[in-house]
Amino acid sequence: MTVRRRTTSLRVTSAVITVGALLAATVPAPATAVAAPATNPVIAWDLHAQTAIWDVAAQQPNEQVRSFAMVNGAVYDAVNAIAGTPYQPHLGAPAATGRESVPAAVATAAHGVLTSLFPDQRARLRAQYDEALDTIPDGPSKRGGVTVGARAATAMVEARQDDGAFGDQQWVTGTRPGEWRPTPPLFLSQGAWTGHMRPFLLPAAALFRAPGPPPLTSAAYARDLNEVKTVGSASSPVRTRDQTEAALWWHDRRSASWEIKRQLATTQRLSVLQTARFFAMTDLIVADAGVACFSQKEFWSYWRPVTAIPLAGADGNPGTAADPDWTPLLVTPPFPEYPSGHACGTGSRMALYRHFFGRDDVPFSGSSVDSGTTRHFTSFSQALDELIGARVWGGVHFRSADVDGAELGEAVFRYAVRHHFRPRG
C-alpha cells in the first residue's frame, strides 16, 4: 500500500480498516487477566532490557528496536499462555495450566532472550535473574513458570535466527542532485541491513510505500529546504530555546520512549497481562515500522539537508540558494533522509497508544540526558506533532520526510492491529 502525503493533520487515512475493527482490539482485559503485583515483573524486566541493550551494549536505534521486540514478544507469549491465551499469541502459546508463577515466567523469558542477544553480559544478567527468582517461593508454581518462560524464550530466539539483522548490505551513494551520500563530520554509512530484516508482523516490508520526496524543482521542495535552512542550522537566530531543547530531547539515543512506555503502564494501572501485551504490541510494531521505513530509505536514497543546502545552486530550483557553510544543530544520522526513521517509529508508537487506551488525551512525560530536560505532553498527537517539528529544528530532516514517515508508521500500525494481538473468542 502506498502512503499518501498528509499536509494538515495526523488522522488515520486508511479506508480498509474501519473504526469498529480497531476498537475491537483495545485495552479492556478478559477476566483471566493477571493482576499487577506491587512490582510489575514485565516493567522490571523491560528496565533490565534497557540496561543490557543501551547502557551496556550501546545499540543504535535501528538495532535497539529488534532487541526490545524479541524480549517483550517472548514475555508476552509466556504471560498470555499462563492466562489461558485470551489473546492471539505472537509465536505460540507454551503449554500451561494457569497455575504457573507469572514472575518466574517473565524473568525466564526475558533472561533467555537477553543472554542469547548479549552473551558477553551473561554473568550480570544471571545475577539479575537469580535475584528475581529468589523472591519467588520454591515449588511447582515456580518450576512451571520457569518452564513456560524458557519455552517462550527458545521459540523467540529460534524464530529470529537468520532474520537478516546485521547483514552486509550497503547504501547506494550518488553525486547527482537529490542523491544520498555520506555526511559530515564522520562520513559514515550504516544500517542498510535494517530494511532487509525479516519483519515480526508484516508479510513484507515492501507492502508499505511512501509517496516520495517533493521533486527538486517544486515549490514544496523549496519550502522544505528553506525551512530547515533557517530554523535547523547550528547558529539559527530564529529557533527558540524550547525548539532547541525539543530537537535535543527527541534525538537522544537513550530514548525517552522507553521511560514513557513503562510510565503509561503504571499510570494507566495495567495488569501484568495488559502490560505484557502493551509492551509487545509497541515494540514489535515499532520494529516493523523501522523495517518498512529503511526499505523506503533504500528505495528513495535521498540526500540530507547538510548535503542539499550547500549544493542548492545545482538543484535546478529558483526558490533555493546555496549556503556552503551551513551546518545542522544535530549530527546527521549515517543513512538516507527520506522517509524519517524517527517519524516512522513515533508515528506507529503514538497511533498504537491512542488505539490501546482508546483516547488521545493521556498525559505523560519523559526525561533526556542529552537535553537535560523533562518534556511533558497532554496527548499522543501532541508528541507526534512535536517530533515532526523537532527533526526539522535539529537540521537533520526536511518536513516532508517527517510527515510521510509518520504516515508510514501509522500504516504499519493499522495493519498490525488488524492481524495480530487480537482477543480470541
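### A look at helix α10 (residues 272-300)
Stage number 1. A rise of 1.5 Å per residue sets the reference length of α10, with its 29 residues, at 42 Å; its end C-alpha atoms lie 42 Å apart and thus fit the reference within 8%.
Stage number 2. Counting buried residues along α10, 26 of its 29 residues qualify, which places the element largely inside the surrounding structure.
Stage number 3. A positive backbone phi angle near 45° is found at Ser301, which sits one or two residues after α10.

### Considering the layout of surface pockets
Gaps left between atoms show up when a probe the size of a water molecule is rolled over them.
Stage number 1. Of the pockets and cavities examined, the largest pocket occupies roughly 910 Å³.
Stage number 2. Along the walls of the largest pocket sit 45 residues, with Pro61, Asn62, Arg253, Phe335 and His342 positioned nearest its centre.
Stage number 3. Top contributing element to the lining of the largest pocket by residue count: helix α12 (residues 341-357), with six residues.
Stage number 4. Broken down by class, the residue content of the lining of the largest pocket amounts to 20 nonpolar, 18 polar and seven charged.

### Re the pairing of strand β2 (residues 373-377)
Stage number 1. The alternating pattern of β2 places Thr373, Arg375 and Phe377 on a buried face and Thr374 and His376 on a face that is not buried.
Stage number 2. Pairing between strand β1 (residues 364-368) and β2: five bridges, direction antiparallel. Each bridged residue has a counterpart across the sheet, and for Gly366 the counterpart in β2 is Arg375.
Stage number 3. The loop that links β1 with its antiparallel partner β2 comprises four residues; one of these, Gly372, has a positive phi angle of about 70°.

### Some words on the pattern of salt bridges
Stage number 1. Within this structure, the stated rule accounts for 15 salt bridges.
Stage number 2. In this structure, the salt-bridge partner of Asp163 is Arg66, at a minimum N-O distance of 2.9 Å. Of this pair, Asp163 sits in the loop between α6 (140-159) and α7 (219-231) while Arg66 sits in helix α3 (residues 61-82), placing them 97 residues apart in sequence.
Stage number 3. In this structure Arg66 comes out as buried when scored by relative accessible area, which is 10%.
Stage number 4. Glu386 is the salt-bridge partner of Arg375, the closest N and O atoms lying 2.9 Å from each other. Here the residue Arg375 occupies a position in strand β2, and Glu386 occupies one in helix α13 (residues 380-393), the gap between them amounting to 11 residues. Of the two residues, Arg375 and Glu386, neither departs from the other in class, the shared state being buried.

### Considering the packing of aromatic side chains
Stage number 1. Counted under the stated rule, the structure contains 22 aromatic pairs.
Stage number 2. Consider the rings of Phe278 and Phe357, whose centres lie 5.2 Å apart with planes at 65°: the pair is edge-to-face. Of this pair, Phe278 sits in helix α10 while Phe357 sits in helix α12, placing them 79 residues apart in sequence.
Stage number 3. Judged by relative accessible area, Phe278 falls into the buried class, the value being 0%.
Stage number 4. Ring pairs connect the aromatic residues Trp249, Trp250, Phe278, Phe279, Tyr353, Phe356, Phe357, Phe364, Phe377 and Phe380, which therefore count as one cluster.
Stage number 5. Arg209 extends its terminal NZ or CZ atom over the ring of Phe299, reaching a point 5.9 Å from the ring centre.
Stage number 6. Positioned above the aromatic ring of Phe294 is the side chain of Lys297, whose terminal nitrogen or guanidinium carbon lies 5.7 Å from the ring centre.

### As for the packing of helix α2 (residues 41-56) against α10
Stage number 1. At their nearest, the axes of α2 and α10 sit 8 Å apart, and the two run at 35° to each other. Across the interface between the two elements, Pro41, Val42, Ile43 and Asp46 from α2 touch Val272, Thr275, Ala276, Phe279 and Asp283 from α10.
Stage number 2. Of the residues that constitute the contact of α2 with α10, the class distribution is six nonpolar, one polar and two charged.

Rules and cut-offs
Each chain has its residues counted from 1, following the order in which its sequence is written. Side-chain atom pairs in this predicted model are given and counted only at pLDDT of 80 or more, local residue features only at pLDDT of at least 70, and totals for whole chains, interfaces and linings cover all residues. The basis for every side-chain value is the complete set of non-hydrogen atoms in the structure, without hydrogens or water. Helix and strand labels come from DSSP, where a helix needs a run of H or I of at least four residues and a strand needs a run of E of at least two; each type is numbered from the N terminus. Given the number of residues in a helix, its expected span is that number minus one, multiplied by 1.5 Å. We call a residue buried when its accessible area falls under 20% of the maximum for its residue type, exposed when it is over 50%, and partly exposed in between, using a 1.4 Å probe and counting protein chains only. In this analysis, the protein atoms alone were mapped onto a 1 Å grid. Cavities are point sets where a 1.4 Å probe fits without being able to get out; pockets are open sets with protein on both sides within 12 Å along at least five of seven lines; lining residues have an atom within 4 Å of a point. Grid points are joined across faces, edges and corners, and a volume is the space filled by probe spheres set on the points. Residues are grouped as follows: nonpolar covers Ala, Val, Leu, Ile, Met, Phe, Trp, Tyr, Cys and Pro; charged covers Asp, Glu, Lys and Arg; every other residue, Gly included, is treated as polar. Two strands make a pair as long as DSSP finds a minimum of two bridges between them. For this document, the term salt bridge refers to a Lys or Arg side-chain nitrogen within 4 Å of an Asp or Glu carboxyl oxygen. Only centres within 6.5 Å qualify two rings of Phe, Tyr or Trp (six-membered ring in Trp) as a pair; their planes then separate them into stacked at under 30 degrees, edge-to-face at over 60, and tilted for everything else. We call a charge positioned over a ring when the NZ of a Lys or the CZ of an Arg lies within 6 Å of the ring centre and within 35 degrees of the ring normal. Interaxial angles span 0 to 180 degrees and are taken between N-to-C directions of axes, which are lines fitted to C-alpha atoms, for helices over the stretch in contact. Contacts are assigned to residue pairs with any non-hydrogen atoms lying within 4.5 Å of each other.

Any link to function would need more than the numbers given here.
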